[in-house]
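Now for the letters of each chain:
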Amino acid sequence: MRYLIVSDIHGSVSGANRTKDLVKKENPDVLIILGDILHGARDEDDLHVASILLSLPCGLLLVKGNCDYSSDENILKTSLPTSRRLDFGLHSVYLMHRPPYVSFPINDLVMHGHTHVKRLEKVEGVYYFNPGSISLPRDDGPGYGLFDGKRISLYDALTYELIASEALNY
């Protein structure tokens, strides 16, 4: 399985179109969006963004962000849990919007959004990944990630250049 990871679209048409372009370029099986899918951008059009996302030729795996509402589940035609866990052999990948404040097992991967700042690092044996915001970055530009179950990679969403990559110790 190949996963494309973005976060913090905030209803931005340009961010949704950038995501659509990334899906076309990277050809993932599943698009993971780490919350704040709708609401908050200057070029916000939540219904148009939802139609773009729902038309993508891949699966969608979403988590609820602090700017998402329960009613957004109707617009996005899927549930928006606050977190999800994916199992890969002996280790897990945790998906959530806000950065975690709890401990995780060694060699597990935690993906989160919320800060709008890109991050890929290993802290005390746990991998932490944030693609930054695809629409409203608070660092040097929009980012995205790719994950294949064994490697997590962080990319610049404008130049497609690799920023960082980690092979997971599974």
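Details of the structure are given in the entry above.
Structural notes, computed from the coordinates.

**Here we look at unusual backbone geometry**
So, point 1. Of note, the phi angle at Asn-27 is positive, near 50°, even though the residue is not glycine.
So, point 2. Here Asn-27 shows up in the loop between helix H1 (13–26) and strand S2 (30–33).
So, point 3. Phi at His-114 is positive, roughly 80°, even though this residue is not glycine.
So, point 4. Within the secondary structure, His-114 sits in the loop between strand S6 (109–111) and strand S7 (118–123).

**With respect to the sheet that holds strand S3 (residues 59–62)**
So, point 1. Read from one edge of the open sheet, six strands run S3-S2-S1-S9-S10-S11, paired in mixed fashion. The strands lining the two open edges of the sheet, one partner per strand, are S3 and strand S11 (162–167). With strand direction ignored, the average angle separating the axes of adjacent strands in the sheet is 20°.
So, point 2. The strands touched by H1 within the sheet are strand S1 (3–6), S2 and strand S9 (143–147), with S1 carrying the most contacts at an inclination of about 160°.

**Some words on the sheet that holds S6**
So, point 1. Read from one edge to the other, the open sheet built from five strands follows the order S4-S5-S6-S8-S7, with strand pairing classed as mixed. Unpaired on one side and paired on the other, strand S4 (83–88) and S7 mark the two borders of the sheet. Averaged over all pairs of adjacent strands, the angle between their axes in this sheet comes to 15°, without regard to strand direction.
So, point 2. Where S6 lies against strand S8 (residues 126–131), three bridges are found, and the strand directions are parallel. Pairing of Val-110 across the sheet is with Tyr-128, part of S8.

**Focus: H1**
So, point 1. Under the 1.5 Å per step criterion, the end-to-end length of H1 is 20 Å for 14 residues, consistent within 8% with the ideal 20 Å.
So, point 2. Buried within H1 are the following residues: Val-13, Gly-15, Ala-16, Thr-19, Leu-22, Val-23 and Glu-26.
So, point 3. As for H1, its buried residues are in contact with S1, S2, helix H2 (46–54) and S9.
So, point 4. Looking one or two residues beyond H1, the residue adopting positive phi is Asn-27, at roughly 50°.

**A look at the side chain of Ser-7**
So, point 1. If you trace the backbone, Ser-7 turns up in the loop between S1 and H1.
So, point 2. For Ser-7, a relative accessible area of 0% puts it in the buried group.
So, point 3. Polar side-chain contacts of Ser-7 include one of 2.6 Å to the side chain of Asp-8.
So, point 4. Dropping the residues within four chain positions of it, Ser-7 is found in contact with Leu-34, Gly-35, His-97, Gly-113, His-114, Pro-131, Gly-132, Ser-133 and Ile-134.

**A look at the packing of H1 against H2**
So, point 1. Direction vectors running N to C along H1 and H2 enclose 5°, while the axes themselves pass 9 Å from each other. By the angle class used here, H1 and H2 are roughly parallel. Only His-48, Val-49, Ile-52 and Leu-53 of H2 make contact with H1, whose side of the interface consists of Val-13, Ala-16, Asn-17, Thr-19 and Lys-20.
So, point 2. Across the contact of H1 with H2, the residue classes break down as five nonpolar, three polar and one charged.

Definitions and cut-offs
- Residues numbered from 1 in each chain as written.
- Predicted model: local features only at pLDDT ≥ 70, side-chain atom pairs only at ≥ 80, totals over all residues.
- Heavy atoms only, no water.
- Helix = DSSP H or I, 4+ residues; strand = E, 2+ residues; numbered from the N terminus.
- Pairing = 2+ DSSP bridges.
- Axes fitted to C-alpha atoms, helices over the stretch in contact; angles between N-to-C directions.
- Contact = heavy atoms within 4.5 Å.
- Expected span 1.5 Å × (residues − 1).
- Buried < 20%, exposed > 50% of the residue type's maximum accessible area, 1.4 Å probe, protein only.
- Polar contact = N/O pair within 3.5 Å; in protein donor to acceptor, adjacent residues only side chain to side chain.
- Parallel < 35°, antiparallel > 145°, perpendicular 65-115°, else oblique.
- Nonpolar A, V, L, I, M, F, W, Y, C, P; charged D, E, K, R; others polar.

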